[in-house]
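Read off the chains here:
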Amino acid sequence: MQDDRRVASPPGGGWRLFDVDHRTLYSIGDLARRTGLPVRTIRFYSDSGVLPPTYRSSANHRRYDLTAVARLDLIRTLRELGVDLASIHRVLADEITVSQAAIAHAEALDVQIRVLRLRRAVLRAVAKRHFSPEEIKLMHRIVQLSEAERHRLINDFVDSTFGGVDANPELMELLRSAMPELPDEPTAEQVECWIELAELVQDTDFRASVRRMAEYQAAERADGDQTGLHHDLTNDVRDRVAAAFTAGIQPASAQAGLVVSELVARYADTFEATDSPEYRAKMLTRLTIANDPRVERYWHLIATINGSPTMTPLAPIFSWLTEALQHHPEP
């Protein structure tokens, strides 16, 4: 059967008439029955330019050949995979390959998946506790921070507290290297810890407390102290005070005085000093400035966010030693 058909010529070429075999052409309704797609969807693709009609009948009805059918199958597949029409148009125009479009879309999906995982974690955190609408809004905003923004927040905290003073360089290096790395699929606990950490490092009172520590360290270094982070000393104090805890020794007791003498001697050996009332007073000042429980909380939050082992709480240990020193100020 023959019928007059119009085929689109290149832009500016107008319309030309051709005799075309009717059996090779499909209407939009034919395409809908063949592919299972709604007529309105096919018409939308056609109007959008990704599925231009092969011919138009003398009545100006759109007609499509087998090449257009194959084109529609590709469009449907890419759309089901979530590829946007603009990218599909570029693929069909040979501006990019299907592989390039797939890579770009996969990368976009990675971002979307990460956002969805974060939202899920926030919702789980909200489900565990009764947050106000304002707190939920704040949680969502903080969790959305990028890795670079999270690092910038911590670096700003370190700059504001340790900047401009000659504090312990090993501690500075540790602070700079221990960045919160919120995983792509965080737990509700990790989300809560990140939110708490973000609030903590912006707390003016906490910043002032850490600044006092930095200034004290700088003064000690100016006075000749070039020691590092004192891990061995900290472990010795922890073990000895933990033993005193277990034995039920109270800070004001005579037995505590013996423990204090042992630990003061350990400190004096580390810092090349001699046990005396003056040194014990200096040591008490050091412990009072350094023993802010929020510092320990800071490291606990970092470890939880990064999925690392958390430290044994030391605040009770140093609180006991501080109180014991107050009761036993002389050798």
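The text that follows walks through the structure, step by step, so that each part is easy to find.

### Section: the overall build of the chain
Stage number 1. Along the chain, the regular secondary structure elements total 15 helices and four strands.
Stage number 2. Considering only contacts in the chain between residues 6 or more positions apart, those separated by 24 or more positions represent 67%.
Stage number 3. Surface exposure of the chain reaches about 18,700 Å², of which carbon and sulfur atoms provide 53%.

### Points about the packing of aromatic side chains
Stage number 1. Applying the stated criterion to the full structure yields six aromatic pairs.
Stage number 2. A centroid spacing of 6.2 Å and a plane angle of 20° characterise the contact between Tyr267 and Phe271, whose relative ring orientation is stacked. We note that Tyr267, like Phe271, is buried.
Stage number 3. Of the aromatic side chains, those joined through ring pairs into one cluster are Phe157, Phe206, Tyr298 and Trp299.
Stage number 4. Seen from the ring of Trp194, Arg150 lies directly overhead, with NZ or CZ sitting 6.0 Å from the centre.

### Some points on the nonpolar core
Stage number 1. Membership of the largest hydrophobic core comes to 32 residues, with the highest contact counts inside it found for Trp194, Leu197 and Tyr298.
Stage number 2. Sorting the residues of this core by element identifies helix H5 (98-128), helix H7 (147-162), helix H8 (169-177), helix H9 (188-200), helix H10 (204-222) and helix H14 (293-305) as the ones contributing at least two each.
Stage number 3. Per-element accounting of this core gives the leading share, seven residues, to H9.
Stage number 4. By size, the runner-up hydrophobic cluster in this structure holds 23 residues, among which are Val241, Ala256, Leu287 and Ala324.

### Remarks on the side chain of Gln190
Stage number 1. With respect to the helices, strands and loops of the structure, Gln190 is situated in helix H9.
Stage number 2. A distance of 2.9 Å separates the side chain of Gln190 from the backbone nitrogen of Thr187, its partner in a polar contact.
Stage number 3. At a separation of 3.4 Å, a polar atom in the side chain of Gln190 contacts the main-chain carbonyl oxygen of Thr304.
Stage number 4. Excluding residues within four positions of it along the chain, Gln190 makes contact with Leu182, Pro183, Thr304, Ile305 and Gly307.

### Regarding helix H3 (residues 66-80)
Stage number 1. Taking 1.5 Å of rise per residue, the 15 residues of H3 would be expected to cover 21 Å, and the 21 Å separating its terminal C-alpha atoms lies within 8% of that figure.
Stage number 2. Among the residues of H3, those classed as buried are Ala68, Val69, Leu72, Ile75 and Leu78.
Stage number 3. Those residues of H3 hidden inside the fold are in contact with helix H1 (28-35), helix H2 (39-48), helix H4 (85-92) and H5.
Stage number 4. Directly after H3, the chain includes Gly82, whose backbone phi takes a positive value near 90°.

### What to know about the environment of Pro277
Stage number 1. Residue position: Pro277 is located in helix H13 (residues 277-290).
Stage number 2. Between the C-alpha atom of Pro277 and that of His328, which follows or precedes it by 51 residues, the distance is 9.3 Å.
Stage number 3. The contacts of Pro277, once residues within four sequence positions are left out, are Pro329, Glu330 and Pro331.

### Here's the deal with the packing of H1 against H3
Stage number 1. Taken N-terminus to C-terminus, the directions of H1 and H3 make an angle of 50°; their axes are 11 Å apart at the nearest point. One finds that H1 runs oblique with respect to H3. Here H1 runs over H3; the crossing is right-handed. Residues Leu31, Arg34 and Thr35 of H1 form the contact with H3, whose participating residues are Leu66, Val69, Leu72, Asp73 and Arg76.
Stage number 2. Looking at the contact of H1 with H3, its residues break down into four nonpolar, one polar and three charged.

### Considering H2
Stage number 1. Within H2, burial applies to Ile42, Tyr45 and Ser46. Projected down its long axis, H2 carries its buried residues within an arc of 100°, all on one side. Projecting away from the buried face of H2 at angles above 90 degrees are the exposed residues Arg40 and Asp47.
Stage number 2. Of the surrounding elements, those touching the buried residues of H2 are H1, strand S4 (62-63), H3 and H4.
Stage number 3. Backbone geometry just downstream of H2 places Gly49 in the positive-phi region, at approximately 95°.

### Side note on the side chain of Arg221
Stage number 1. Along the chain, Arg221 falls in helix H10.
Stage number 2. Relative accessible area serves as the criterion here: at 14%, Arg221 is assigned to the buried category.
Stage number 3. In this structure the side chain of Arg221 is engaged in a polar contact, spanning 3.2 Å, whose partner is the backbone oxygen of Asp166.

### Quick look at the packing of helix H11 (residues 231-246) against helix H15 (residues 315-327)
The relative placement of two packed helices is expressed as an angle between their axes plus a distance between the axes.
Stage number 1. Interaxial distance between H11 and H15 falls to 9 Å at its minimum, and their mutual angle equals 75°. Comparing the axis directions of H11 and H15 gives the class roughly perpendicular. Side by side, H11 and H15 meet where Thr234, Val237, Arg238, Val241, Ala242, Ala244 and Phe245 of the first sit next to Pro316, Ile317, Phe318, Trp320 and Leu321 of the second.
Stage number 2. Here the contact of H11 with H15 is built from residues that sort into 10 nonpolar, one polar and one charged.

Rules behind the numbers
Residues numbered from 1 in each chain as written. Predicted model: local features only at pLDDT ≥ 70, side-chain atom pairs only at ≥ 80, totals over all residues. Heavy atoms only, no water. Helix = DSSP H or I, 4+ residues; strand = E, 2+ residues; numbered from the N terminus. Contact = heavy atoms within 4.5 Å. Areas by Shrake-Rupley, 256 points an atom, 1.4 Å probe, with all protein chains shown as cover. Phe/Tyr/Trp six-rings, centres within 6.5 Å; stacked < 30°, edge-to-face > 60°. Buried < 20%, exposed > 50% of the residue type's maximum accessible area, 1.4 Å probe, protein only. Lys NZ or Arg CZ within 6 Å of the ring centre and 35° of its normal. Core = buried A, V, L, I, M, F, W, Y, C linked by side-chain atoms within 4.5 Å. Polar contact = N/O pair within 3.5 Å; in protein donor to acceptor, adjacent residues only side chain to side chain. Expected span 1.5 Å × (residues − 1). Axes fitted to C-alpha atoms, helices over the stretch in contact; angles between N-to-C directions. Parallel < 35°, antiparallel > 145°, perpendicular 65-115°, else oblique. Left-handed = near helix turned anticlockwise from the far one by under 90°. Nonpolar A, V, L, I, M, F, W, Y, C, P; charged D, E, K, R; others polar. Arc of directions from axis to C-beta.

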